[in-house]
Amino acid sequence: MVTTVTDLTKVIDGVRTVVVFDQDFNGDEIQESELAFFAQDKRGTVWRLGEYPEIYENGRLVGAPDTWISGVEGAKAGIAMLARPRVGTPTYTEGLAPEIDFLDCATVFRTNQNVCVPVGCFKHVLVTDEFAPLDPEGGHQRKSYAPHVGNIKVEPVGEANPETLALTEFTRLSREELADVREEVLQQDARGYEISPDVYGTTPPAQPARPKGLPVLP
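This write-up is about the structure you can find in this document.

### Some words on the state of the cysteines
Next, step 1: Summed over all chains, the structure comprises 1 disulfide.
Next, step 2: Covalently, Cys116 is tied to Cys121 through a disulfide, its sulfur atoms 2.0 Å apart. Disulfide Cys116-Cys121: torsion about the S-S bond near 105°, hence right-handed.
Next, step 3: The class of Cys121 is exposed, set by a relative accessible area of 58%.

### Let's talk about the layout of surface pockets
Next, step 1: Taken as a whole, the second largest pocket encloses approximately 160 Å³ of empty space.
Next, step 2: Lining the second largest pocket are Phe109, Arg110, Gln113, Asn114, Val115, Val127, Arg142, Ser144, Lys153, Glu155 and Val157.
Next, step 3: Counting only elements with at least two residues in the lining of the second largest pocket, the list comes to strand 9 (102-117), strand 11 (140-146) and strand 12 (150-157).
Next, step 4: Residue classes in the lining of the second largest pocket are distributed as 4 nonpolar, 3 polar and 4 charged.

### Considering the pairing of strand 1 (residues 2-12)
Next, step 1: Bridge count between strand 1 and strand 2 (residues 15-26): 8 bridges; the pairing is antiparallel. Each bridged residue has a counterpart across the sheet, and for Val11 the counterpart in strand 2 is Arg16.
Next, step 2: In this antiparallel pair of consecutive strands, strand 1 and strand 2, the connection spans 2 residues, and Asp13 shows a positive phi of 55°.

### Side note on the pattern of salt bridges
Next, step 1: For the structure shown, the criterion picks out 7 salt bridges.
Next, step 2: For the salt bridge of Arg182 with Asp7, the shortest nitrogen-to-oxygen distance reads 2.7 Å. Of the two residues, Arg182 is situated in helix 1 (residues 175-195) and Asp7 in strand 1; the sequence distance between them amounts to 175 residues.
Next, step 3: For Asp7, a relative accessible area of 23% puts it in the partly exposed group.
Next, step 4: The salt bridge partner of Arg48 is Glu51, with a shortest N-O separation of 3.3 Å.

### Notes on empty space enclosed by the protein
Next, step 1: Per the stated rule, a full pass over the model turns up 1 cavity of 30 Å³ or more.
Next, step 2: By volume, the largest cavity amounts to about 40 Å³.
Next, step 3: In terms of lining residues, the largest cavity is bounded by Thr67, Trp68, Ile69, Val72, Glu73, Ala75, Ala97, Glu99, Ile100 and Val199.
Next, step 4: Class assignment for the residues of the lining of the largest cavity results in 7 nonpolar, 1 polar and 2 charged.

### Notes on the environment of Gly14
Next, step 1: Note on placement: Gly14 falls in the loop between strand 1 and strand 2.
Next, step 2: It is 10 Å that separates the C-alpha atoms of Gly14 and Leu49, two residues lying 35 residues apart in sequence.

### With respect to the environment of Phe122
Next, step 1: Secondary-structure assignment places Phe122 in strand 10 (residues 120-131).
Next, step 2: Note on Phe122: relative accessible area 18%, which makes it buried.
Next, step 3: Taking the C-alpha atoms as reference points, Phe122 and Arg16, 106 residues apart in sequence, are found 31 Å from one another.
Next, step 4: Residues contacting Phe122, with those up to four places away along its chain left out, are Gln113, Asn114, Val115, Val117, Ala146, Val149, Ile152 and Leu167.

### Focus on the side chain of Asp41
Next, step 1: Within the secondary structure, Asp41 sits in the loop between strand 3 (29-40) and strand 4 (46-57).
Next, step 2: Lacking a salt bridge, the buried Asp41 has Arg43 as its closest oppositely charged neighbour, with an N-O distance of 6.3 Å.

### So, the side chain of Thr128
Next, step 1: When you line up the elements, Thr128 lands in strand 10.
Next, step 2: Thr128 sits in the buried class, given a relative accessible area of 1%.
Next, step 3: A distance of 2.8 Å separates a polar atom in the side chain of Thr128 from a polar atom in the side chain of Glu130.
Next, step 4: If we ignore the near neighbours within four places in the chain, the residues touching Thr128 are Tyr92, Thr107, Phe109, Gln141, Arg142, Lys143 and Tyr145.

What counts and how
Residues numbered from 1 in each chain as written. Predicted model: local features only at pLDDT ≥ 70, side-chain atom pairs only at ≥ 80, totals over all residues. Heavy atoms only, no water. Disulfide = S-S within 2.5 Å. Buried < 20%, exposed > 50% of the residue type's maximum accessible area, 1.4 Å probe, protein only. 1 Å grid on protein atoms, 1.4 Å probe; cavity = no way out; pocket = protein on both sides within 12 Å on 5 of 7 lines; lining within 4 Å. Points joined across faces, edges and corners; volume = space filled by probe spheres on them. Helix = DSSP H or I, 4+ residues; strand = E, 2+ residues; numbered from the N terminus. Nonpolar A, V, L, I, M, F, W, Y, C, P; charged D, E, K, R; others polar. Pairing = 2+ DSSP bridges. Salt bridge = Lys/Arg side-chain N within 4 Å of Asp/Glu carboxyl O. Contact = heavy atoms within 4.5 Å. Lys, Arg positive; Asp, Glu negative; His and termini not counted. Polar contact = N/O pair within 3.5 Å; in protein donor to acceptor, adjacent residues only side chain to side chain.

Spelled out as structure tokens, the structure:
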């Protein structure tokens with residue numbers, strides 16, 4: 001998986017969000033290419049307001065059936081990261097989209113952990129336990145989040161087909177590299193209006209960010 005925080009924004013449900021670009025590969029072959037949308041409220045909580053994941057089979061785009069956008073077809077934004085995560089905090093919803101039976105939840109599992117991955121070791125790591133109540137066979141995932149970096153490790157618990165993830169590289173893109181990613185994201189954003197006209201097509205096009213930093217909810 002390759003995750004890139006872009007310099008693009010998109011208005012979702014009246015909120016200007018940052019566009020995050022996730023790509024899943026099997027070897028060199030793309031399997032999924034997702035645009036995800038995040039914003040931070042004034043208290044510091046980060047919200048996920050939608051996802052547009054394109055699915056590929058044998059290198060060919062076959063659709064984006066799991067697209068959801070907050071405010072469309074009953075979908076609601078969820079919490080991606082609590083401002084002050086503490087063990088014992090009630091389980092929270094990461095996103096809800098009833099039309100596609102999407103419901104992701106998370107619970108703070110551990111805080112202030114030391115976690116090592118191939119790229120190095122990190123302190124003050126948050127570990128969450130994430131699960132989908134509508135997909136009990138999917139099991140749980142323990143996800144580790146390092147300050148100023150993000151998700152560095154995923155360990156499945158009880159999944160039928162478990163896969164682990166660990167951060168192997170963390171870099172800041174050059175202007176040229178970021179421009180290449182921006183162009184790829186804008187092309188996918190444009191495709192979304194044809195592939196998902198009733199959901200993704202309700203949003204305005206992505207555009208370059210003006211102020212620096214994560215958009216803040218009113």
